[in-house]
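# Results of the structural survey
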Amino acid sequence: MIIYNVTVSVSDEIHDQWLNWMKHDHIPKVLSTNLFLSASLNRIIANSDTGTTYAISYKTTSLSNLQKYEVGYAPKLREEYNSKFSINAPTFRTIMEIEEEF
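Residues numbered from 1 in each chain as written. Predicted model: local features only at pLDDT ≥ 70, side-chain atom pairs only at ≥ 80, totals over all residues. Heavy atoms only, no water.

### What about the nonpolar core?
Core analysis: the largest hydrophobic core is formed by 24 residues, its most contacted members being W18 and Y69. For this core, the leading source of residues is helix α1 (residues 15-31), giving six residues. Ignoring sequence-local partners within four residues, the contact set of W18 consists of V8, V10, L41, Y54, I56, Y81, F85 and A89. (Core = buried A, V, L, I, M, F, W, Y, C linked by side-chain atoms within 4.5 Å. Buried < 20%, exposed > 50% of the residue type's maximum accessible area, 1.4 Å probe, protein only. Helix = DSSP H or I, 4+ residues; strand = E, 2+ residues; numbered from the N terminus. Contact = heavy atoms within 4.5 Å.)

Set out below in structure tokens:
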């Protein structure tokens, strides 16, 4: 199982707008590609005066599915995201493989 993780630091000024858009627009669009099995929106618990950090984790069965997403869907979705939020909600991405679950 592959986890495609997007970590986002969201400024307080846009937090509610960003969260609503992620829940009702962006994450459903990513899942509608049918390349991911599920997604989870996780708030990172930390003491910060500069906003809220989230990790959005998408599970897929293979690196091939992730590559299909990266080539066929990600550019358009990232462009849409960046036009709305890039300055106030920067992201970084991590790809992980579940080696074993206990």
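That shown, we press on.
### Some details on empty space enclosed by the protein
All chains considered together, the criterion is met by one cavity of 30 Å³ or more. Here the largest cavity defines a volume of roughly 140 Å³. Lining the largest cavity are 14 residues, and of these V6, H26, Y58, Y69 and R93 lie nearest its centre. Secondary structure elements with two or more residues in the lining of the largest cavity: β1 (2-10), α1, β3 (52-60), α3 (74-85) and β4 (91-97). By residue class, the composition of the lining of the largest cavity is ten nonpolar, two polar and two charged. (1 Å grid on protein atoms, 1.4 Å probe; cavity = no way out; pocket = protein on both sides within 12 Å on 5 of 7 lines; lining within 4 Å. Points joined across faces, edges and corners; volume = space filled by probe spheres on them. Nonpolar A, V, L, I, M, F, W, Y, C, P; charged D, E, K, R; others polar.)

### Let's talk about the sheet that holds strand β2 (residues 38-44)
Pairing is antiparallel in the open sheet, where four strands are placed in the order β2-β3-β1-β4. In the strand order of this sheet, the two ends are held by β2 and β4, each with one partner. For this sheet the average axis-to-axis angle between neighbouring strands, irrespective of direction, equals 20°. Where β1 meets β4, seven bridges bridge the pair, whose relative direction is antiparallel. The residue bridging V8 from the neighbouring strand is T91, located in β4. Relative to β1, helix α2 (residues 63-72) is tilted by about 45°, and along the sheet it contacts β1, β3 and β4. (Pairing = 2+ DSSP bridges. Axes fitted to C-alpha atoms, helices over the stretch in contact; angles between N-to-C directions.)

### Thoughts on the environment of I3
With respect to the helices and strands, the residue I3 is situated in strand β1. With sequence-adjacent residues up to four places away left out, I3 is seen in contact with S57, Y58, K59, T94, I95, M96 and I98.

### A closer look at the packing of aromatic side chains
What the rule picks out here adds up to nine aromatic pairs. For the ring pair Y4 and F36, a centre distance of 6.2 Å and an interplane angle of 20° mean the geometry is stacked. You can see Y4 sitting in strand β1 and its partner F36 sitting in the loop between α1 and β2, a full 32 residues away along the chain. The two residues Y4 and F36 agree in class, both being buried. Pairing W21 with Y81 gives two aromatic rings, centres 6.0 Å apart and planes at 50°, and the pair type is tilted. Taken together, the residues span a long stretch of sequence, with W21 in helix α1 and Y81 in helix α3 at a distance of 60 residues. Y81 carries the same exposure label as W21, and that label is buried. An aromatic cluster is built from Y4, F36, Y58 and Y69, whose rings are joined through pairwise contacts. (Phe/Tyr/Trp six-rings, centres within 6.5 Å; stacked < 30°, edge-to-face > 60°.)

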